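# Topology and contacts: notes
Here is how the chains run, residue by residue.
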Amino acid sequence: MSRRLRLVDPPESRRVRRAFSTFLRPDAAIEPHLRAVIEDVLAHPGSLARAQLAFGLGRRLGIPTGRALRLAVATESFHASSLIFDDLPAMDDAAERRGRPCPHRIWGEAAATLGALAFITRGYALLWEGIGPLPPRRRDRAAALVGECLGLTGILDGQSRDVHFTHRPGGEAEMLRVEAAKTVPLIRLALLLPALAAGLEERTLARLERLAAGWGLAYQVLDDFKDDLLTGDEAGKTTGRDRSLGRPNLPARAGHLQAFDRLGALLAGTAAEVAALSRRSAERWEPLARLQGVLDESRQRLAERLAWPRTA
């Protein structure tokens, strides 16, 4: 998911990219260092996979375009802030992200921290614009989801567990729990927020919950392989940090073969969930099928990198 991708049709993808830049663009009067951090992130937004997923799903579920875009950009703004924080010296102490120096390396840690907070506060404002007009029950459930994904039981807990991880023999279950806690919350938000806003039935929500759990952990395992196998030039970011910092990394801890097989099992499970949803309406769930395809292709490229004849 690090390469540019389209989980929605090209016009929708372009609309998401324009909205990400427009909704978050800082005023010219903002202090130059802080403004520079925000502009730097907006100029190098990455794949915007979470925003594309949320917008594509929201539009196909009948959410008005403006509100769907706000929910999508809000989700992506939280992701952008998490990357800024993740790269700080107090966390992963990374030097590079998306092929260029991390914001704190150029503009300083104070400006980067404030920039990350700016993305969070703007994200909450956009969220309210998106869910405020909903019927009370839907709005309350959507708000509760946001608290779960972004609060102490969500991404904050995952990041803290990652930073303070201590590997123990036989502790693979705890390692996988930490891995999931880092990545599942924002994918869960991208999937469940439009679904709750659209008032989908409980059975479908349960499928989306399982899909978010599987995709989140699969994405993290792929990212672990990237950190363990690729050079910084290949990955476009600082690699090898998990080993040097003692952080959870399934391929490094359990071995490439076991991690690769775990990835295959995760993606087989998510493929089954996408297929079950798509049987009822392939067009409605098209963004999900596209993301599943991207992850399957990533696993195949990984197999080629490892020189293993594994395609299933």
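Quick summary incoming for the structure in this document. (Residues numbered from 1 in each chain as written. Predicted model: local features only at pLDDT ≥ 70, side-chain atom pairs only at ≥ 80, totals over all residues. Heavy atoms only, no water.)

## Quick word on a positive patch on the surface
Taken together, Arg6, Arg14, Arg15, Arg18 and Arg59 make up a surface patch of like positive charges. Per element, the largest residue contribution to the positive patch is three residues, and it comes from helix α1 (residues 10-24). Locating arginine 6 in the fold gives a position in the segment before α1. (Patch = residues over 30% accessible without salt bridge, like charges linked within 9 Å, V, L, I, M, F, W, Y side chains within 5 Å. Areas by Shrake-Rupley, 256 points an atom, 1.4 Å probe, with all protein chains shown as cover. Salt bridge = Lys/Arg side-chain N within 4 Å of Asp/Glu carboxyl O. Lys, Arg positive; Asp, Glu negative; His and termini not counted. Charge placed at Lys NZ, Arg CZ, Asp CG, Glu CD. Helix = DSSP H or I, 4+ residues; strand = E, 2+ residues; numbered from the N terminus.)

## Observations regarding the environment of serine 298
Checked against the element boundaries, serine 298 lands in helix α15 (residues 286-305). Through-space distance from the C-alpha of serine 298 to that of serine 13 is 20 Å; in sequence the pair is 285 residues apart.

## Digging into the nonpolar core
Counting 88 residues, the largest nonpolar core has Leu189, Leu191, Leu193, Leu208, Trp215 and Leu288 as its most contacted members. With 16 residues, helix α9 (residues 172-198) is the single largest residue contributor to this core. In contact with leucine 191, not counting residues within four places along its chain, are Leu53, Leu57, Leu208, Leu211, Ala212, Trp215 and Leu288. (Core = buried A, V, L, I, M, F, W, Y, C linked by side-chain atoms within 4.5 Å. Buried < 20%, exposed > 50% of the residue type's maximum accessible area, 1.4 Å probe, protein only. Contact = heavy atoms within 4.5 Å.)

## Re the packing of aromatic side chains
Throughout the structure, instances matching the rule amount to one aromatic pair. On the basis of an interplanar angle of 65 degrees and a centroid distance of 5.2 Å, the ring pair of phenylalanine 78 and tyrosine 124 is categorised as edge-to-face. Placement of phenylalanine 78 in helix α4 (residues 65-87) and of tyrosine 124 in helix α6 (residues 109-131) is noted, with a sequence separation of 46 residues between them. (Phe/Tyr/Trp six-rings, centres within 6.5 Å; stacked < 30°, edge-to-face > 60°.)

## Side note on the pattern of salt bridges
Applying the stated criterion across every chain, the model contains 23 salt bridges. For aspartate 40, the salt bridge identified is with arginine 100, shortest N-O distance 2.9 Å. With a gap of 60 residues between them, aspartate 40 in helix α2 (residues 32-43) and arginine 100 in strand β2 (residues 100-101) connect regions that are remote in the sequence. Here aspartate 40 falls in the buried class, since its relative accessible area comes to 9%. Arginine 100 sits in the partly exposed class, given a relative accessible area of 25%. A salt bridge links arginine 188 to glutamate 209, with the nearest nitrogen and oxygen atoms 2.8 Å apart. With arginine 188 in helix α9 and glutamate 209 in helix α10 (residues 202-229), this residue pair connects regions lying 21 residues apart in the sequence. Under the relative-accessibility criterion, glutamate 209 is labelled partly exposed at 30%. Shared partners join several salt bridges into a network, and the residues in it are Asp9, Glu12, Arg60, Glu283, Glu286 and Arg290.

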